[in-house]
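Each chain is listed here by its residues.
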Amino acid sequence: MSRTGRFIAEAEKWGARNYEPLPVVIEKAERIWVWDVDGQKYLDMLSAYSALNQGHRHPKIISALIDQLERVTLTSRAFHNDMMGPFLQKLCATAGYEKVLLMNTGTEAVETSLKAARKWGYEEKGVAPDKAEIIAFENNFAGRTISVVSFSSEEQYKKGFGPFTPGFKVIPFDDAEALERTINENTVAVILEPIQGEGGVIIPSSGYLTKVREITSANNTLMIADEIQTGFGRTGKLFACDHEGVRPDVVALGKALGGGVLPVSAMVADNRVMKAFTPGVHGSTFGGNPLACAVGMASIDVVVEENLPDRSAELGEYFLKQLRSINSQAVKETRGKGLFIGIEILRSYGTARPFCEKLMKLGLLCKETHEQTIRLAPPLVIEKHEIDWALDRIERVLTAV
Ligand SMILES: *Cc1c(COP(=O)(O)O)cnc(C)c1O
């Protein structure tokens, strides 16, 4: 058996089978490239679902990690540490908000935002006890806890996990009238991804985010943007809401905030919302640990100093244009914003999975999302000639149907 086969067999024997990964076992990575245990080299077109916007093992992030490892890694929030304040300040300045609450995973940042919205609803909006409602959108992805899957529209995320957390309404995405009809005096928040990532890179019509902002403001309801996947340059702006100049009340951040090194997540908001949290009301053992703060600061610095949003915008435009010029009968639609691109495969040509498997054999690692879509989201440090290298392989696979 190949080394690859042995590692996969071991993982399948001893691990829960909650994923169905491509049959590649990675042992080393640098920038946009990864190497498997049999010595094959691949271009990483997934970037760990955009947790690797800065590329694998960015030297500045690794150096911040190592420096901090030599000093202190964990204090818990029972004590202060000297890294958290500077990180909070930097994240506030970068995102343009007054306050941050640090967590670890994206799901926790979402859960924290939902808790904040409910508490704000009761204490500030005056919603009657236990009557708060939160509106979410079909095809959303916000994580996997019971409360978060309670507003999923994906059958397999929910089946067998009930009873679910009440208080959520799920309505169609990109439909301002549906929102208008559903929002009411008990609605404390609307939670949305400005571009639905796991849903298949679904980009709402232009003006939709602005409408959501207008409707939520008019109804004294919080707008929560889940920018965990779209944030930090992925879509060609620092945050995807910036495309429409929309400022949500709450932003959930994660993934690239940890620079591909550690889980670092945050809820950011102004004081009028964040004041919902007082001592003892919410917390996390690892949230705000000094190692995560050091990594988070370096991760933000890299995004800003290397102009990753602009790179994403320019290279994404080029990539999308070239992809659209590929003449393949199997493609239903190619869409994207910045280096966040989806190629939707026609059902009559099967699912996207076999396409990803073929791309893997040609040295390109992509993952299908929502059955039909190949997501292309390389690290934002990719170079134009490397996009051309990928294009050549994508064209070969798409036209060989
Ligand atoms: C990945 C993701 C999450 C969950 O993040 P985890 O770190 O996996 O918990 C939430 N929302 C969106 C939009 C995501 O893409």
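The structure under discussion appears in the preceding block.
Here's what I pulled together on the structure shown here. The shown structure was predicted, so the numbers you read here are calculated from the model rather than taken from an experiment.

As a packed pair, helix H3 (residues 59-69) and helix H11 (residues 290-305) sit with axes 9 Å apart at the nearest point and diverge in direction by 160 degrees. Considering the angle they form, H3 stands roughly antiparallel to H11. Helix-helix and strand crossings are classified by hand; for H3 and H11 the assignment is right-handed. Contacts between H3 and H11 involve Lys60, Ile61, Ala64, Leu65, Gln68 and Leu69 from the former and Pro290, Leu291, Ala294, Val295, Ala298, Ser299, Asp301, Val302 and Glu305 from the latter.

The next point concerns empty space enclosed by the protein. Using the criterion set out here, one finds 2 cavities of 30 Å³ or more in the structure. The calculated volume of the largest cavity comes to roughly 80 Å³. What lines the largest cavity is simply Pro194, Ile195, Ile203, Pro204, Ser205, Leu209, Ala240, His243, Glu244 and Lys337. Considering only residue class, the lining of the largest cavity consists of 6 nonpolar, 2 polar and 2 charged. Every residue lining the second largest cavity is listed: Ala136, Phe137, Asn140, Phe141, Ala142, Phe151, Ile191, Leu192, Glu193 and Asp226. Contributing elements (two or more residues each) for the lining of the second largest cavity: strand E5 (133-137) and strand E7 (187-192). Each residue belonging to the lining of the second largest cavity can be placed in one class, and the counts come to 7 nonpolar, 1 polar and 2 charged.

A word on helix H13 (residues 353-361). Restricting attention to buried positions, one finds in H13 the residues Arg353, Phe355, Cys356, Leu359 and Met360. All buried residues of H13 lie within an arc of 160 degrees about the axis, which places them on one face of the element. Positive phi appears at glycine 363, one or two residues downstream of H13, with a value of about 95 degrees.

So, about the nonpolar core. In terms of nonpolar packing, the biggest core is built from 70 residues, with Leu91, Phe319, Ile374, Leu376 and Ile394 touching the most fellow members. The element that contributes the greatest number of residues to this core is H11, accounting for 10 residues. In this structure, this core is formed jointly by two domains, domain 1 (3-54 + 307-399) and domain 2 (59-305), each of which donates at least three residues. What phenylalanine 319 contacts, discounting residues up to four positions off in sequence, is Met45, Leu339, Ile341, Leu376, Ile387, Leu391 and Ile394. Among the nonpolar cores identified, the runner-up in size contains 29 residues, and Phe168, Val188, Val250 and Ala269 belong to it.

What follows concerns the environment of threonine 334. Its location among the elements puts threonine 334 in strand E11 (residues 331-336). As a C-alpha pair, threonine 334 and asparagine 186 span 148 residues in sequence and 39 Å in three-dimensional space. The contacts of threonine 334, once residues within four sequence positions are left out, are Leu320, Leu323, Arg324, Ile341, Gly342 and Ile343.

Proline 163 follows glycine 162 through a cis peptide bond whose omega is 0 degrees. One can find proline 163 in the loop between helix H7 (155-158) and strand E6 (168-171). One non-glycine residue, arginine 57, adopts positive backbone phi at about 50 degrees. For arginine 57, the location among the structural elements is in the loop between helix H2 (47-50) and H3. Phi angles above zero are rare outside glycine, and asparagine 139 is one such case at about 80 degrees.

Bringing the sheet that holds E6 into the picture now. Sheet architecture is open: 7 strands sit in the order E4-E10-E9-E8-E7-E5-E6, paired in mixed fashion. For this open sheet the edge positions go to strand E4 (99-103) and E6, each flanked by a neighbour on one side alone. Put simply, the sheet's adjacent strands are angled 20 degrees from each other on average, direction ignored. Pairing of E5 with E7, which is carried by 3 bridges, proceeds in the parallel orientation. Paired with isoleucine 134 across the bridge in E7 is alanine 189.

A few words now on the site of the ligand. Taken together, the residues surrounding the ligand are Thr105, Gly106, Thr107, Phe141, Ala142, Glu193, Asp226, Ile228, Gln229 and Lys255. In this structure, glycine 106 approaches the ligand through a main-chain N or O atom, which is 2.9 Å from an oxygen atom. Measuring from a nitrogen atom of the ligand, one finds a side-chain N or O atom of aspartate 226 at 2.6 Å. For the ligand, the protein covers 82% of the area, taking 380 Å² as the surface of the free molecule. A molecule is said to occupy a pocket when more than half its atoms come within 2 Å of that pocket's grid points, and by this definition the ligand occupies the largest pocket.

Side-chain alternation along strand E15 (residues 373-376) places Thr373 and Arg375 on one buried face and Ile374 and Leu376 on a second face that is also buried. Of the pairings in the sheet, the one linking strand E12 (residues 341-345) to E15 comprises 4 bridges and is antiparallel in character. The residue bridging isoleucine 341 from the neighbouring strand is leucine 376, located in E15. Two successive antiparallel strands, strand E14 (residues 367-369) and E15, enclose a turn made up of 3 residues, where histidine 370 displays a positive phi of approximately 50 degrees.

Let us now look at the packing of aromatic side chains. Under the criterion given, the structure shown has 7 aromatic pairs. Taking 6.4 Å as the distance between ring centres and 80 degrees as the angle between the ring planes, the aromatic pair formed by phenylalanine 137 and tyrosine 208 counts as edge-to-face. Of this pair, phenylalanine 137 sits in strand E5 while tyrosine 208 sits in helix H9 (residues 208-218), and the two are 71 residues apart along the sequence. Taking 4.7 Å as the distance between ring centres and 45 degrees as the angle between the ring planes, the aromatic pair formed by phenylalanine 151 and phenylalanine 168 counts as tilted. With phenylalanine 151 in the loop between helix H6 (146-149) and H7 and phenylalanine 168 in strand E6, the pair connects residues that are 17 residues apart, well separated along the chain.

Reading guide: rules and limits
- Residues numbered from 1 in each chain as written.
- Predicted model: local features only at pLDDT ≥ 70, side-chain atom pairs only at ≥ 80, totals over all residues.
- Heavy atoms only, no water.
- Axes fitted to C-alpha atoms, helices over the stretch in contact; angles between N-to-C directions.
- Helix = DSSP H or I, 4+ residues; strand = E, 2+ residues; numbered from the N terminus.
- Parallel < 35°, antiparallel > 145°, perpendicular 65-115°, else oblique.
- Left-handed = near helix turned anticlockwise from the far one by under 90°.
- Contact = heavy atoms within 4.5 Å.
- 1 Å grid on protein atoms, 1.4 Å probe; cavity = no way out; pocket = protein on both sides within 12 Å on 5 of 7 lines; lining within 4 Å.
- Points joined across faces, edges and corners; volume = space filled by probe spheres on them.
- Nonpolar A, V, L, I, M, F, W, Y, C, P; charged D, E, K, R; others polar.
- Buried < 20%, exposed > 50% of the residue type's maximum accessible area, 1.4 Å probe, protein only.
- Arc of directions from axis to C-beta.
- Core = buried A, V, L, I, M, F, W, Y, C linked by side-chain atoms within 4.5 Å.
- Domains from an automatic or database assignment.
- Pairing = 2+ DSSP bridges.
- Near = heavy atom within 4 Å.
- Polar contact = N/O pair within 3.5 Å; in protein donor to acceptor, adjacent residues only side chain to side chain.
- Areas by Shrake-Rupley, 256 points an atom, 1.4 Å probe, with all protein chains shown as cover.
- Sits in = over half its atoms within 2 Å of the grid points.
- Phe/Tyr/Trp six-rings, centres within 6.5 Å; stacked < 30°, edge-to-face > 60°.

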